[in-house]
Amino acid sequence: MTRMDCAEVLDLLHPYIDDELPPEERHAVGLHLGSCPACAKALAELEEVRQQIRRAGTFALPAGLGERVRSRISASRSRGTQPPWRRMAALAASHAGVAVLGGAIGLLLMARIDSGERIVSDVVSAHVRSLISGEPTQVATADPHVIRPWFGGKVPYAPPAKDLASEGFPLVGARVDYVPPQAVAAIVYTRHLHRITLFVLPGGREGLGTSWVSRQGYNVVSWRDAGFSYYAVSDLNRSELEAFAKLVRSASTQ
Amino acid sequence: MTDRRSSEFEVLILPHLAAAYSLARWLMRHPQDAEDAVQDSMLRAYKAFGSFAGGDGAAWLLAIVRNTCLTRLERRRSENNVVVLHDLLPPIEPARHSPLVSLPLAQDQAMIAEEERKRVHAAIAALPLQFREVLVLREFHDLAYREIAEVVGTPVGTVMSRLARARERMKILLTEGAAGDERGNRT
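Residues numbered from 1 in each chain as written. Chains lettered and ligands numbered in written order. Predicted model: local features only at pLDDT ≥ 70, side-chain atom pairs only at ≥ 80, totals over all residues. Heavy atoms only, no water.

Q: Account for the nonpolar core, naming residues and giving values.
A: Among soluble globular proteins, nonpolar side chains are generally buried collectively. By size, the foremost hydrophobic cluster in this structure holds 61 residues, and its most contacted members are B:Phe9, B:Met42, B:Ile124 and B:Met170. Each residue touching B:Met170, except ones within four places of it in the same chain, is listed here: A:Val49, A:Ile53, B:Val120, B:Ala123, B:Ile124, B:Leu127 and B:Leu135. Core analysis: the second largest hydrophobic core is formed by 45 residues, A:Leu164, A:Tyr189, A:Tyr218 and A:Leu236 among them. (Core = buried A, V, L, I, M, F, W, Y, C linked by side-chain atoms within 4.5 Å. Buried < 20%, exposed > 50% of the residue type's maximum accessible area, 1.4 Å probe, protein only. Contact = heavy atoms within 4.5 Å.)

Q: Quick rundown of the confidence of the model for chain B? Include the residues and the values.
A: Residues and elements named next belong to chain B. Taken residue by residue, chain B gives an average pLDDT of 82. The fraction at 70 or more is 79%. Confidence, read as mean pLDDT per element, is least for helix H5 (residues 85-88) in chain B (48) and greatest for helix H7 (residues 129-139) (96). Segment residues 84-101: pLDDT under 50, and 37 contacts once partners within four positions in sequence are set aside and those in other chains are kept. Per-residue pLDDT stays below 50 along residues 180-187; that stretch engages in 5 contacts with residues further than four places along the chain or on separate chains. Reported confidences for the modelled complex are a pTM of 0.57 and an ipTM of 0.80. (pLDDT = per-residue confidence, 0-100. Helix = DSSP H or I, 4+ residues; strand = E, 2+ residues; numbered from the N terminus.)

Q: Before we move on, can you summarise the environment of B:Met170 with the specific residues and values?
A: Tracing the sequence through the fold places B:Met170 in helix H9 (residues 156-180). Distance in space between the C-alpha atoms of B:Met170 and B:Val120 is 8.3 Å, their sequence separation being 50 residues.

Q: How would you explain the sheet that holds strand E5 (residues 218-225) of chain A if you had to name every residue and give the values?
A: Residue and element names in this part refer to chain A. Reading across the sheet, the 6 strands line up as E1-E2-E3-E6-E5-E4 and stay open at both edges, with antiparallel pairing between neighbours. The open sheet has two free edges, formed respectively by strand E1 (171-179) and strand E4 (211-215), since each of these has just one partner strand. Strand-to-strand twist of the sheet, defined as the mean angle between neighbouring strand axes without regard to direction, takes the value 25°. Strand direction decides the pairing type here: E5 and strand E6 (residues 228-234), joined by 7 bridges, are antiparallel. Across the sheet, residue Asp225 finds its bridge partner in E6, namely Phe228. (Pairing = 2+ DSSP bridges. Axes fitted to C-alpha atoms, helices over the stretch in contact; angles between N-to-C directions.)

Q: Describe the packing of helix H3 (residues 37-56) of chain A against H7(B), with residues and values.
A: Two numbers describe a pair of packed helices, the interaxial angle and the distance between the axes. Between H3(A) and H7(B), the shortest axis-to-axis distance is 10 Å and the interhelical angle comes to 75°. Of the possible angle classes, the one that applies to H3(A) and H7(B) is roughly perpendicular. Every residue of H7(B) that contacts H3(A) at A:Arg50, A:Ile53 and A:Arg54 is listed here: B:Leu135, B:Arg138 and B:Glu139. A per-class count over the contact of H3(A) with H7(B) returns 2 nonpolar, no polar and 4 charged. (Parallel < 35°, antiparallel > 145°, perpendicular 65-115°, else oblique. Nonpolar A, V, L, I, M, F, W, Y, C, P; charged D, E, K, R; others polar.)

Q: Account for the interface of chain B and chain A, with residues named and values stated.
A: Frequently, the measure chosen for interface size is the accessible area that the parts lose on association. Contacts between the two partners involve 61 residues from chain B, matched on the other side by 53 residues from chain A. Summing the contributions of chain B and of chain A, the shared interface buries around 5,200 Å²; its carbon and sulfur component is 60%. Across the chain B-chain A interface, the total number found is 7 salt bridges. One salt bridge in this structure joins B:Arg138 and A:Asp18, with 2.8 Å as the shortest N-O distance. The tally of links between chain B and chain A comes to 18 residue pairs in polar contact (both at pLDDT 80 or more). (Buried area = accessible area lost by both parts, 1.4 Å probe. Salt bridge = Lys/Arg side-chain N within 4 Å of Asp/Glu carboxyl O. Polar contact = N/O pair within 3.5 Å; in protein donor to acceptor, adjacent residues only side chain to side chain.)

Q: So what about unusual backbone geometry? Which residues, and what values?
A: All names here are of chain A. Looking along the chain, the bond that leaves Pro180 and enters Pro181 is cis, with omega of 5°. For Pro181, the location among the structural elements is in the loop between E1 and strand E2 (182-191). A positive phi angle, close to 60°, is found at Asp19, a residue other than glycine. Structurally, Asp19 is set in the loop between helix H1 (6-17) and helix H2 (23-35).

Q: So, the side chain of A:Gln52: which residues are in play, and what are the values?
A: Inspection of the secondary structure assignment puts A:Gln52 in helix H3. If we skip the residues at most four places from it in the chain, A:Gln52 touches B:Glu116, B:Arg119, B:Val120 and B:Leu174.

Below you can see the structure in the form of structure tokens.
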């Protein structure tokens with residue numbers, strides 16, 4: 001591609017910072033920015049506005065709204081012509097916010113065959129639970145140096161965490177989750193709109209390749225490295241989730 | 001709806017409730033109106049779920065939320081024919097702090113951060129709706145241009161130009177606010 005002038009570059013700054021440019025254009029903009037202080041300054045100002053907005057954050061889901069939504073849906077469901085057991089299920093759902101989750105887990109339970117299956121079901125349940133609760137992270141930070149010590153005393157191992165923002169998978173935080181029979185480290189990333197939970201479990205042999213399964217509309221990519229078993233769970237499509245897994249693997253073996 | 005479809009709704013759509021509220025909150029600019037719009041939207045989404053062909057559950061839901069909010073805003077305008085007071089007020093109820101929950105911030109740092117958050121929120125709330133929605137979908141929901149286009153129902157090129165204008169306006173609003181702190185005097 002030919003060299004770009006300032007006008008062209010300034011037009012492309014927004015898609016540039018949003019990572020929406022095809023590789024050749026992205027490269028050409030990058031080249032220009034490296035040699036043009038005026039355009040580099042415009043980029044820095046734009047980044048600053050964007051950081052200010054992101055730091056401010058959006059509004060959190062009000063307490064109880066999830067339950068109110070579920071009971072309204074249940075109420076509309078039970079008004080229809082439905083068998084009594086169905087109305088009872090709706091009633092139960094309206095009284096226990098977790099009944100929704102119970103339904104999802106119930107289906108997953110049926111899918112359990114062996115212990116590998118069980119772990120897959122458990123990590124998908126844990127991922128869905130975190131989405132429904134509206135609290136996917138207990139520590140919200142993109143800094144791996146905050147996350148690692150944060151796990152200290154919460155799980156008996158130090159899970160590797162790495163920000164992959166430059167590869168399109170920003171780190172958003174971490175939480176301790178429960179994957180029977182133990183508390184495990186869960187590291188949370190995003191890809192555009194999609195949330196990825198990376199579960200890190202102690203144990204597992206080395207050297208096995210990555211494997212993929214789909215459960216309840218969620219993709220699960222798993223592998224074992226250096227004494228840990230990894231499960232990446234997301235509604236992201238399979239190929240992007242596998243690309244994510246590859247990045248994590250290469251980052252942890254550096 | 002079959003039980004299977006209901007379970008799918010719970011697993012594919014309900015997890016996006018927080019995103020639905022966030023978008024509604026920015027469009028309606030009022031907490032209670034946003035809650036009402038979200039309840040309405042989720043019920044509509046549930047009833048329309050039979051037509052959900054798979055793919056991106058969040059974009060599908062957010063498009064419904066947006067339509068519901070716009071309908072409600074239109075109704076509010078035609079019913080009142082005057083500007084509702086809370087249209088003019090910046091959102092002020094405390095939102096959850098996102099950064100670094102585990103690190104104790106010094107009291108004054110926390111206050112500065114809170115001031116900053118209010119200032120940014122007031123600036124976003126002051127944007128015209130068509131700029132505000134693309135900005136919110138991009139910065140808070142991390143949607144790709146293509147996904148924003150799907151929610152808003154415009155071509156990708158329009159999303160790009162609106163986003164650019166939204167950010168330029170934000171830059172001006174935030175710079176003004178920081179320089180003179182004369183926000184309270186402007187109408």
